[in-house]
Amino acid sequence: MPHTPSPPPSPVPSPPLSAAPPSSPASRAAVVAALRAAGCVFAEDEAELILAAAPSPDAAASMVERRAAGLPLELVVGWAGFLGRRIAVEPGVFVPRRRTEFLVEQALAQAPGAAVVVDLCCGSGAVGAALAAGLGEVELHAADIDPVAVRCARRNVADLGGQVHTGDLFEALPGGLRGRIDVLAANVPYVPTGEIGLLPAEARDHEPRVALDGGADGLDVLRRVAAGAPGWLAPGWLAPGGCLLAETSRRQAPAAVAAFTGAGLRTRLAVSEERCAHVVIGVGP
């Protein structure tokens, strides 16, 4: 979860649906004008996405009204683009950020032959879905404490054979996964409690606090995951063991690395300056 989340990836998460009904230039111009008047910087691109998703002019008008009122574009159209996939999202669910694609890329590079994958704090299930799509035949499990997120994640991993569980971190996982996990991706909440009010309105007003609030310094959940992970990761007898990956911020990275190292993991930090992404990677003993 982002330390200071930028507005959900705008615009154009992926091309409009090819089966979308055509819209007249007049209606498109009206939508662009309404969005621009509401302060949408990428009004033209957002208009294309809304018109592509709307089944009727009345529906388009309703969607424009909701977007103009501040609802994130992804929640208006019902999906977010993530590593080439359309991830279903709905009100009350954290919208996946493009920076989190870096976490998936690092996981695929670290464990290209992974057979068992877990997406912890899964939200919409975007990370797990992208990992399963990139790895091919895998046993995929996702988990979240929020029932709304669990429902949404099930929509996104069903075609990949994934299972989604409800509960608090490792308590949600089937016991049979202990010692078998090759990739444990944990996109934990990491906004410090005192900084929630500083987030952009699209995150602050429309995303669940449980998906944002990481405690006093933002690292409460990350520390819990790091402490519990070693018992769940696959052992590395003949090859590197299972790996844990978590997103964090530049400011929090040293403390996050220390939490992983303190849990007995061989740890490194991966950084993408272009995407302002920081991912801590720990390999099991």
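Reading the values: the criteria
Residues numbered from 1 in each chain as written. Predicted model: local features only at pLDDT ≥ 70, side-chain atom pairs only at ≥ 80, totals over all residues. Heavy atoms only, no water. Axes fitted to C-alpha atoms, helices over the stretch in contact; angles between N-to-C directions. Helix = DSSP H or I, 4+ residues; strand = E, 2+ residues; numbered from the N terminus. Parallel < 35°, antiparallel > 145°, perpendicular 65-115°, else oblique. Left-handed = near helix turned anticlockwise from the far one by under 90°. Contact = heavy atoms within 4.5 Å. Disulfide = S-S within 2.5 Å. Buried < 20%, exposed > 50% of the residue type's maximum accessible area, 1.4 Å probe, protein only. Pairing = 2+ DSSP bridges. Salt bridge = Lys/Arg side-chain N within 4 Å of Asp/Glu carboxyl O. 1 Å grid on protein atoms, 1.4 Å probe; cavity = no way out; pocket = protein on both sides within 12 Å on 5 of 7 lines; lining within 4 Å. Points joined across faces, edges and corners; volume = space filled by probe spheres on them. Nonpolar A, V, L, I, M, F, W, Y, C, P; charged D, E, K, R; others polar. Core = buried A, V, L, I, M, F, W, Y, C linked by side-chain atoms within 4.5 Å.

Chemist: Please clarify how the packing of helix α9 (residues 220-228) against helix α10 (residues 253-262) should be interpreted in this entry.
Modeler: Between two packed helices, the angle of one axis relative to the other and the distance separating the axes together describe the packing. Contact pair α9 / α10: the axes reach a minimum separation of 8 Å and the direction vectors enclose 25°. Our classification of the angle between α9 and α10 gives roughly parallel. Our pair here, α9 against α10, has a crossing hand that is right-handed. In this structure, α9 contributes Leu 222, Arg 223 and Ala 226 to the contact, and α10 contributes Ala 256, Ala 259 and Phe 260.

Chemist: Got a minute to help me understand the state of the cysteines in this structure?
Modeler: Note on terminology: disulfide describes a covalent bond linking the sulfur atoms of two cysteines. A full pass over the atoms with the stated rule returns zero disulfides. Here Cys 152 stays free of any disulfide, with the sulfur of Cys 122 as its closest cysteine sulfur at 8.9 Å.

Chemist: Teacher, can you tell me more about helix α6 (residues 126-135) here?
Modeler: Structurally, the α-helix is built with 3.6 residues per turn, so residues lying three or four positions apart point the same way. Most of α6 is tucked away, with eight of its 10 residues classed as buried. The complete set of buried residues in α6 reads Ala 126, Val 127, Gly 128, Ala 129, Ala 130, Leu 131, Ala 132 and Leu 135.

Chemist: Help me out: how do you make sense of the sheet that holds strand β5 (residues 163-166) in this one?
Modeler: By definition, the strands of a sheet pair up through backbone hydrogen bonds, in either a parallel or an antiparallel sense. Pairing is mixed in the open sheet, where seven strands are placed in the order β5-β4-β3-β6-β7-β9-β8. Of all the strands in the sheet, just β5 and β8 (266-272) have a single pairing partner and so form its edges. For this sheet, the mean angle separating the axes of adjacent strands, direction not counted, is 20°. With four bridges joining them, strand β6 (residues 183-186) and strand β7 (residues 243-248) adopt parallel strand pairing. By the bridge assignment, Leu 184 is partnered in β7 with Leu 244.

Chemist: Is there a simple way to explain the pattern of salt bridges in this structure?
Modeler: Oppositely charged side chains may form a pair once their charged atoms are brought near each other. In this structure the tally under the stated criterion is 18 salt bridges. In this structure, Glu 90 and Arg 155 form a salt bridge, with 3.5 Å as the shortest nitrogen-oxygen distance. Placement of Glu 90 in the loop between β2 (85-88) and α5 (101-110) and of Arg 155 in helix α7 (residues 147-157) is noted, with a sequence separation of 65 residues between them. Where Glu 207 meets Arg 97, a salt bridge forms, and the shortest distance between an N and an O atom there is 2.7 Å. With a gap of 110 residues between them, Glu 207 in the loop between α8 (201-204) and α9 and Arg 97 in the loop between β2 and α5 connect regions that are remote in the sequence. Across this residue pair, the class does not change: Glu 207 and Arg 97 are buried. Through salt bridges with shared partners, a single network forms among Glu 46, Arg 67 and Glu 202.

Chemist: Help me understand the layout of surface pockets in this model?
Modeler: Once rolled over the atoms, a probe with the size of a water molecule shows which space is left empty. The computed volume of the largest pocket comes to approximately 270 Å³. Along the wall of the largest pocket there are 21 residues; nearest its centre are Cys 121, Asp 144, Ile 145, Pro 189 and Val 210. Those elements that place two or more of their residues in the lining of the largest pocket are β4 (139-144) and α9. Of the residues contributing to the lining of the largest pocket, the split by class is 14 nonpolar, three polar and four charged.

Chemist: It is not clear to me how the packing of helix α2 (residues 43-53) against helix α3 (residues 57-68) should be interpreted in this structure. Could you clarify?
Modeler: Running from N to C, α2 and α3 point in directions that differ by 140°, and their axes come no closer than 9 Å. Taken together, the axes of α2 and α3 lie oblique to each other. Between α2 and α3 the crossing geometry is right-handed. On the side of α2, the interface is formed by Glu 46, Ile 50, Leu 51 and Ala 53, while α3 contributes Ala 60, Met 63, Val 64 and Arg 67.

Chemist: Would you mind going over the nonpolar core with me for this structure?
Modeler: One recurring pattern in soluble globular proteins is that nonpolar side chains are buried together. The biggest cluster of nonpolar side chains holds 33 residues, and the ones touching the most others in it are Phe 82, Val 117, Val 127, Leu 131, Val 164, Val 183 and Leu 245. For this core, the secondary structure elements donating two or more residues are α5, α6, β4, α7, β6, β7 and β9 (277-283). Considering each element in turn, this core owes the most residues, seven residues, to α6. In this structure, Leu 245 is in contact with Leu 103, Gln 106, Ala 107, Val 183, Leu 184, Ala 185, Ala 186, Val 279, Val 280 and Ile 281, ignoring residues within four places of it in sequence. If you look at the next biggest cluster of nonpolar residues, it comprises 29 residues, including Cys 121, Phe 170, Leu 173 and Val 225.

Chemist: Where do I start with unusual backbone geometry in this structure?
Modeler: Backbone geometry follows two general trends: most residues other than glycine have a negative phi, and most peptide bonds adopt the trans configuration. The backbone of Leu 83 shows a phi angle near 50°, a positive value even though the residue is not glycine. Position of Leu 83 among the secondary structure elements: in the loop between β1 (79-82) and β2. Of note, the phi angle at Cys 276 is positive, near 55°, even though the residue is not glycine. Tracing the chain through its elements places Cys 276 in the loop between β8 and β9. Residue classification places Cys 276 among the exposed residues on the basis of a relative accessible area of 51%.

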